[in-house]
Amino acid sequence: EVSLGKASEGVSSEVIKDSIDKYRLRSAIVGKPFVLVGNLIDGTPFDWSQYKGKVVLVDFWATWCGPCLKEMPNIRANYEKYRERGFEVVGVNLDDDVKELQDFSALQPLPWPSVLSADPNAVGWNHPMAVKNGVAAIPFLVLVNREGMAIALNTRGPALGEKLAELFAAAPPSEAP
């Protein structure tokens with residue numbers, strides 16, 4: 001930030017300022033309640049309240065994102081391992097065109113929902129959830145505990161399984177009615 005103040009005005013200083021602003025937003029997520037809004041692929045509003053009391057991985061992704069697609073088998077394996085214990089996944093899709101997601105879903109259906117922007121003019125990197133959370137690169141993952149608090153960012157690869165093992169060992173689910 002000190003260097004930014006000394007930089008001459010122009011494109012590079014705007015890019016640096018934007019990066020710092022997004023970093024501030026991302027770094028403020030952990031330890032605070034996390035709320036997810038938008039629409040499902042069929043256009044119906046997404047209901048975040050149905051995830052109350054569950055551990056949720058919020059995965060910001062897009063169909064064109066190679067690292068996102070590479071991480072999906074890991075997310076799916078953890079989903080299958082912990083779902084019965086109260087683990088859920090919700091994707092936040094950053095494709096510019098809903099047709100891309102529809103085509104992807106037809107070929108490779110995901111067992112969890114993807115949340116799209118409710119505003120057709122605010123898609124891709126302008127998805128309101130991406131803007132609100134300072135998402136600058138994907139995949140971007142937010143792990144939310146049973147109380148609805150964001151507890152970790154970017155738990156990818158083995159770190160996801162380790163964190164879930166820790167969470168579910170510490171807080172076994174209550175008996176279902």
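Residues numbered from 1 in each chain as written. Predicted model: local features only at pLDDT ≥ 70, side-chain atom pairs only at ≥ 80, totals over all residues. Heavy atoms only, no water.

## Considerations on the pattern of salt bridges
Per the stated rule, a full pass over the model turns up four salt bridges. Here the salt bridges share partners, and the residues they tie into one network are Lys54, Arg83 and Glu88. (Salt bridge = Lys/Arg side-chain N within 4 Å of Asp/Glu carboxyl O.)

## Things to note about the pairing of strand E4 (residues 140-144)
Of all five residues in E4, five are buried, a share of seventy percent or more. Of the two faces of E4, the one holding Phe140, Val142 and Val144 and the one holding Leu141 and Leu143 are both buried throughout. (Buried < 20%, exposed > 50% of the residue type's maximum accessible area, 1.4 Å probe, protein only. Helix = DSSP H or I, 4+ residues; strand = E, 2+ residues; numbered from the N terminus.)

## Digging into the environment of Asn121
With respect to the helices and strands, the residue Asn121 is situated in the loop between strand E3 (114-115) and helix H5 (128-132). By relative accessible area, Asn121 is classed as exposed at 71%. Taking C-alpha positions, Asn121 is 9.4 Å from Asp96, a pair spaced 25 residues apart along the chain.

## Side note on the pairing of strand E1 (residues 55-61)
Burial analysis of E1 places seven of its seven residues in the buried class, which makes it a mostly covered element. In E1, alternate side chains face the same way, and those of Val55, Leu57, Asp59 and Trp61 on one face and Val56, Val58 and Phe60 on the other are all buried. Two elements, E1 and strand E2 (residues 87-93), share seven bridges in a ladder whose sense is parallel. Each residue of the ladder has a partner; that of Val58, found in E2, is Val90. Crossover connection from E1 via helix H3 (residues 66-82) to parallel E2: handedness right-handed. As defined by bridge partners, E1 adjoins E4 across five bridges and the pair is classed as antiparallel. The residue of E4 that forms the bridge with Val58 is Val142. (Pairing = 2+ DSSP bridges. Right-handed = clockwise from strand over helix to strand, strands pointing away.)

## What about the side chain of Glu71?
Along the polypeptide, Glu71 turns up in helix H3. There is no salt bridge for the buried Glu71, and the closest opposite charge comes from Arg156, which lies 4.1 Å off by N-O distance. A distance of 2.6 Å separates a polar atom in the side chain of Glu71 from a polar atom in the side chain of Asn74. (Lys, Arg positive; Asp, Glu negative; His and termini not counted. Polar contact = N/O pair within 3.5 Å; in protein donor to acceptor, adjacent residues only side chain to side chain.)

## Details of unusual backbone geometry
Of the consecutive residues Ile138 and Pro139, the connecting peptide bond is found in the cis state with omega at 5°. Secondary-structure assignment places Pro139 in the loop between H5 and E4.

## Overview of the layout of surface pockets
Roughly 170 Å³ of volume is contained in the largest pocket. Contributing to the lining of the largest pocket are 15 residues, with Val98, Leu116, Ser117, Pro120 and Val123 lying nearest its centre. Of the residues belonging to the lining of the largest pocket, the class tally is six nonpolar, six polar and three charged. (1 Å grid on protein atoms, 1.4 Å probe; cavity = no way out; pocket = protein on both sides within 12 Å on 5 of 7 lines; lining within 4 Å. Points joined across faces, edges and corners; volume = space filled by probe spheres on them. Nonpolar A, V, L, I, M, F, W, Y, C, P; charged D, E, K, R; others polar.)

## Details of the packing of aromatic side chains
Here a ring pair, both rings aromatic, is described through the centre-centre distance and the interplanar angle of the planes. Counted under the stated rule, the structure contains nine aromatic pairs. Centroid distance Tyr82 to Phe168: 5.1 Å. Interplanar angle 15°. Geometry classified as stacked. Placement of Tyr82 in helix H3 and of Phe168 in helix H6 (residues 158-170) is noted, with a sequence separation of 86 residues between them. There is no split in this pair, since Tyr82 and Phe168 are both buried. Members of the aromatic cluster, each reached through a chain of ring pairs, are Phe34, Phe46, Trp48 and Tyr51. (Phe/Tyr/Trp six-rings, centres within 6.5 Å; stacked < 30°, edge-to-face > 60°.)

Keep in mind that these numbers describe shape and distance, not what the molecule does.
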